[in-house]
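# Topology and contacts: notes
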Amino acid sequence: MQTILDTLDLAGEQPGAFVGQWLAGRGPSLACYSPIDGQAIGTIRSADREDYEAVVHRACDGFQEWRRWPAPRRGEVVRRIGLALREHKSDLGAVVSLEVGKIRAEGEGEVQEMIDIADLAVGQARMLYGLTMHSERPGHRMYEQWHPLGPVGVITAFNFPVAPWSWNAMIAMAAGDAVIWKPSAKAALCAVAVMKIIEPVLKAEGVPDGVLSLVVGRRDPVGEALLQDSRIPLVSATGSVAMGRHVARSVASRLGRTILELGGNNAIIVTPHADLELAVKAIVFGAVGTAGQRCTTTRRIIVHESLMAPLKAALIKAYRQVPIGNPLESGILMGPLIDRDAVAGMQAALEAIKTQGGEILFGGEVLNGGIYDAGTYVRPCLCEVRPEMPIVSEETFAPILYLMAYRDLEEAVAIQNRVPQGLSSAIFTNDLRESEYFLSHQGSDCGIANVNIGTSGAEIGGAFGGEKDTGGGREAGSDVWKAYMRRQTCTTNWSEAMPLAQGIHFDIG
Ligand code: NAD
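Residues numbered from 1 in each chain as written. Predicted model: local features only at pLDDT ≥ 70, side-chain atom pairs only at ≥ 80, totals over all residues. Heavy atoms only, no water.

### Notes on the sheet that holds strand S14 (residues 298–304)
Paired through backbone hydrogen bonds, the strands of a sheet run either parallel or antiparallel to each other. The following threshold applies: When DSSP finds two or more bridges between two strands, those strands count as paired. Labels follow the DSSP assignment, with helices taken as runs of H or I lasting at least four residues and strands as runs of E lasting at least two, numbered in each case from the N terminus. Axes, fitted as lines to C-alpha atoms, cover a helix only where it is in contact. Angles between the N-to-C directions of the axes lie from 0 to 180 degrees. Contact between two residues is taken to exist if any of their heavy atoms lie within 4.5 Å; hydrogens are not considered.
What the 7 strands build is an open sheet, ordered S15-S16-S17-S14-S13-S19-S20; its pairing is mixed. Edge strands, defined here as strands with exactly one partner in the open sheet, are strand S15 (359–362) and strand S20 (448–451). On average, each strand axis in the sheet is tilted by 25° relative to the strand beside it, whichever way the strands run. Two strands pair when backbone bridges link them, and strand S16 (residues 381–384) and strand S17 (residues 400–406) are joined in this way by 4 bridges, in the parallel orientation. Residue pairing in the sheet places Glu384 in a bridge with Leu403 of S17. Contacts between helix H12 (residues 340–355) and the sheet are confined to S15, S16 and S17, with S17 contributing the most and set at about 25° to the helix.

Next up, the structure:
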């Protein structure tokens, strides 16, 4: 573990604020722990209110200068950031595994997403297109253009400690914005590592200080200050629904904008026309991958009643074979939960399932002995439940998978859509009518709807995000860049007259 930290120069106390150069941080020291064995892996000197002020001040100055750089030149900086991330993919992936307990392949996969979005943003920097319209007035030209917006606040969750920052930051940089990153305290060492990788690029390219900043700190003085800061026109926040409601209220009260990426409660519908073998593979990855701690984790299976028995048997068989252990070791497919609180949350949910009439079919135990003594390892759990049980509508951030039976597809879609969250969804079927119904306006109400693919593992090319309690925000590809810019409609009169819109006459004399 020490080697992983040494490679990215993370040994010893780390400064908690970065603005192109490091600010020591005058707040309390934040201890970082690995869920793998519960041991401390580092400390970060967090930011206090003065540090926060210094960061935002630099971000505002940095923005003023950065927005003057031509967008393709900004894209070139993003390209070089992508190259630096390629070079350190394995090192950074290992830090992600160490700090949040993902298996190595998933830690590196997260860094690959950073590289992919950097590549996308390079091209995007040359495609910040505006529309032209035909004016109703003769001798007039009308069009829309997009300008950089300002410093953007990015709040990230523990479970994806690096990729969501890059979805925001790479696109925002190309758009001409400065970015202020407030990471989760449970994964702040990963954020420090990212800045250490990027710092030489910013220096070599002469990027103004404050274009990319980091501020590690508590809710008070840092988190709340960011929400209430009218110098920050956009806050992009990833996390729980409760956090999102608070962010939405706070930022809206100053008429700021938000991008909210909140909790999911994702379902897969398995119909009688499904390829069951394919479905089982997708379900196991979706439910057990990242130890059930993805926003897109598969939490509910809605299976046709005729398939309940064989699917149950296949899943129990697969669950028995999941290797659980140190995520840094090869062959392990499931690591620990983030901390003991998460384990306690899972145990409380299992009690609720039983009290509400559900049946635990497999797993759920807290493991012990050897590395398991960290108290963060659990066996993934399969339960049979009824859709109306209140616990089924909640997102328990742990590997609990609910199985529910349905009779007809309309009922299956209704079960899927009855929860408050609306992030990711999938159907397994080889029947065109079923898949088209699911994808139609009568079908899934989620931001992501897949056919014969599981609910997790989205590609960065599409817009990522969800509806309802998931917050409605979108990040990554497609036309998401527009959220990071301000739109301006421009009309030029090149005639010698002054016609008014809507045919209004306003002639004096
Ligand atoms: P969390 O809500 O506890 O924390 C998320 C972030 O919000 C952290 O950085 C935290 O410090 C910050 N925060 C909390 N209160 C704040 C406040 N008052 N002011 C400013 N910042 C504040 O979530 P978590 O436990 O870190 O992550 C798990 C949750 O995130 C799950 O619900 C998961 O579904 C969700 N998530 C969603 C997506 C998505 O894209 N939709 C992606 C990853 C995680």
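### Digging into the site of the ligand
Formally: Nearness of a residue to a molecule or strand requires only that one of the residue's heavy atoms be within 4 Å of it. Under this definition, polar contacts are N or O atom pairs within 3.5 Å; protein pairs additionally need one hydrogen-donor-capable and one acceptor-capable atom, and for neighbouring residues in sequence, both atoms have to be side-chain atoms. Areas reported as accessible are Shrake-Rupley estimates using a 1.4 Å probe. Residue values count occlusion only from the protein chains shown.
As a structural note, the neighbourhood of the ligand is formed by 26 residues, with Thr156, Arg219, Ser240, Leu262 and Glu395 the closest of them. Contact distances for the ligand include 3.1 Å between an oxygen atom and a backbone N or O atom of Phe158. Arg219 places a polar side-chain atom, nitrogen or oxygen, 2.8 Å from a nitrogen atom of the ligand. Burial of the ligand by the surrounding chains reaches 87%, relative to a free accessible area of 850 Å². Where the shell around the ligand is concerned, the elements lending two or more residues are helix H8 (219–228) and helix H9 (241–253).

### Topic: the pattern of salt bridges
Note the cut-off: The term salt bridge refers to a pairing of a side-chain nitrogen on Lys or Arg with a carboxyl oxygen on Asp or Glu at a separation within 4 Å. Relative accessible area decides the class of each residue, using a 1.4 Å probe on protein chains only: under 20% of the type maximum gives buried, over 50% gives exposed, and in between gives partly exposed.
This model, assessed by the stated rule, comprises 27 salt bridges. With a shortest N-O distance of 3.2 Å, Arg80 and Glu205 are connected by a salt bridge. Here Arg80 is found in helix H3 (residues 71–87), whereas its partner Glu205 is found in the loop between helix H7 (188–204) and strand S10 (212–215), with 125 residues between them in sequence. Taking the relative accessible area as the measure of exposure, Arg80 reaches 34% and is therefore partly exposed. Its salt-bridge partner being Glu365, residue Arg379 comes within 3.1 Å of it at the nearest N-O pair. A residue pair is termed long-range when its members are at least 10 positions apart, and Arg379 in the loop between S15 and S16 and Glu365 in the loop between S15 and S16 qualify at 14 residues. Salt bridges here are not isolated pairs; linked through shared partners, they connect Arg73, Glu76, Arg79, Arg80 and Glu205.

### Section: the pairing of strand S4 (residues 29–33)
Of the two faces of S4, the one holding Leu30 and Cys32 is buried and the one holding Ser29, Ala31 and Tyr33 is not buried anywhere. As paired elements, S4 and strand S5 (residues 40–45) share 5 bridges and run antiparallel to each other. Paired with Ser29 across the strands is Arg45, a residue of S5. Once S4 ends, the chain turns through 6 residues before running back antiparallel as S5, passing Gly38 with a positive phi of about 75°.

### Points about helix H14 (residues 432–439)
Operational definition: For this quantity, the arc is that covered by the directions from the helix axis to the C-beta atoms.
Buried residues of H14: Glu434, Ser435 and Phe438, and no others. The arc that holds the buried residues of H14, viewed along the axis, is 95°, so those residues lie on one side. Exposed side chains of H14 directed beyond 90 degrees from the buried face belong to Leu432 and Arg433. On its buried side, H14 packs onto strand S13 (266–270), helix H13 (409–417), strand S19 (424–428) and S20.

### Focus on unusual backbone geometry
For the bond from Asp220 to Pro221, the omega torsion is 25°, close enough to zero to count as cis. Topologically, Pro221 is positioned in helix H8. One non-glycine residue, Leu255, lies in the positive phi region at around 60°. Along the chain, Leu255 falls in the loop between H9 and strand S12 (257–261). According to the relative accessible area criterion, Leu255 is exposed, its value standing at 77%.

### Topic: the domain arrangement of the chain
Much of the literature gives interface size as the accessible area that the parts lose upon coming together. Note the cut-off: Note that domain bounds follow an automatic or database assignment of domains. By convention, the term buried area covers the 1.4 Å-probe accessible surface removed from two parts as they join, with the contributions of both added.
When its domains are assigned, the chain resolves into domain 1 (2–262 + 471–488) and domain 2 (266–464). Centre-to-centre separation of domain 1 and domain 2, based on C-alpha positions: 30 Å. Contacts between the two partners involve 33 residues from domain 1 and, on the opposite side, 28 residues from domain 2. When domain 1 packs against domain 2, the two sides together hide about 2,300 Å² of surface, and 65% of this comes from carbon and sulfur.

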